[in-house]
Amino acid sequence: MILRNLNLFIVLLLTSCFYGCEIIKMDYVPEEEQIRNSFGSFLVKPAEVTGHYANMDIDCIVFTYRSEASDSADFWTLLDDALTEREWKCTLEDETQRHYERIFRKTGEQLFHSAEQMRISYNPETKFAVVAWVQADSLDPVERFSENDEASFAAKVVWPRFERLAADEKGTAKIE
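Residues numbered from 1 in each chain as written. Predicted model: local features only at pLDDT ≥ 70, side-chain atom pairs only at ≥ 80, totals over all residues. Heavy atoms only, no water.

**Here we look at the sheet that holds strand E7 (residues 128-138)**
Spatial ordering of the open sheet is given by E1-E2-E3-E7-E6-E5-E4, a layout of 7 strands whose pairing is antiparallel. Both outer strands of the open sheet, strand E1 (27-28) and strand E4 (89-93), are each paired with one neighbouring strand and no more. Bridge count between strand E5 (residues 97-104) and strand E6 (residues 113-123): 8 bridges; the pairing is antiparallel. Bridging from a neighbouring strand, Arg-102 pairs with Glu-116 of E6. Where helix H3 (residues 72-85) meets the sheet, its contacts fall on strand E3 (60-67), E5, E6 and E7, and the angle it forms with E6 comes to roughly 170 degrees. (Pairing = 2+ DSSP bridges. Helix = DSSP H or I, 4+ residues; strand = E, 2+ residues; numbered from the N terminus. Contact = heavy atoms within 4.5 Å. Axes fitted to C-alpha atoms, helices over the stretch in contact; angles between N-to-C directions.)

**A word on the pattern of salt bridges**
Under the defined criterion, the tally for this structure stands at 6 salt bridges. In this structure, Glu-32 engages Arg-36 in a salt bridge whose closest nitrogen and oxygen atoms are separated by 2.7 Å. Of this pair, Glu-32 and Arg-36 both sit in helix H2 (residues 32-38), separated by 4 residues, roughly a single helical turn. Here Glu-32 falls in the partly exposed class, since its relative accessible area comes to 36%. The partly exposed category is assigned to Arg-36, whose relative accessible area is 35%. Measuring nitrogen to oxygen at the nearest pair gives 2.8 Å for the salt bridge that ties Arg-102 to Glu-116. Pair noted here: Arg-102 is in strand E5 and Glu-116 is in strand E6, with a separation of 14 residues, a long-range link. In this structure Glu-116 comes out as buried when scored by relative accessible area, which is 6%. Salt bridges linked by common partners bring Asp-80, Glu-93 and Arg-98 together as one network. (Salt bridge = Lys/Arg side-chain N within 4 Å of Asp/Glu carboxyl O. Buried < 20%, exposed > 50% of the residue type's maximum accessible area, 1.4 Å probe, protein only.)

Structure follows, in structure tokens:
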């Protein structure tokens with residue numbers, strides 16, 4: 001009887017190891033206060049800040065807000081100024097969207113190299129901004145965010161959420 005219970009326990013344990021990750025969700029919806037406190041440099045004259053997605057395992061977040069910037073030029077200028085001060089580099093720029101990256105090399109105090117990518121979309125007609133950010137740690141130095149393992153997670157999970165929200169011109173989409 002004990003052996004049978006032990007076998008059952010082992011089967012359940014192995015099943016939970018292989019399939020249980022889906023049961024224990026690492027996803028959550030970030031609160032406005034967390035966004036304002038941790039991602040304030042991504043906010044340009046913000047109003048109506050709404051969290052859509054974050055993950056406790058992979059450092060990432062997706063959120064939206066309405067900006068009270070006077071126009072598109074004002075929005076992008078204020079954002080670029082804030083991010084340049086924090087060592088962000090623009091890697092893609094068009095009329096409605098920009099991508100930024102920031103790489104930190106490991107120092108004596110840090111255990112890992114860090115690579116971050118932030119994407120932001122802005123609709124000047126609705127003043128709706130969508131922000132997605134992912135941070136990756138690496139034992140080896142990297143030159144670009146795409147060289148990290150978290151880049152594949154971002155491509156499957158984070159960037160599609162960002163794109164769906166950015167495509168929603170009225171800013172009413174709900175992302176699961």
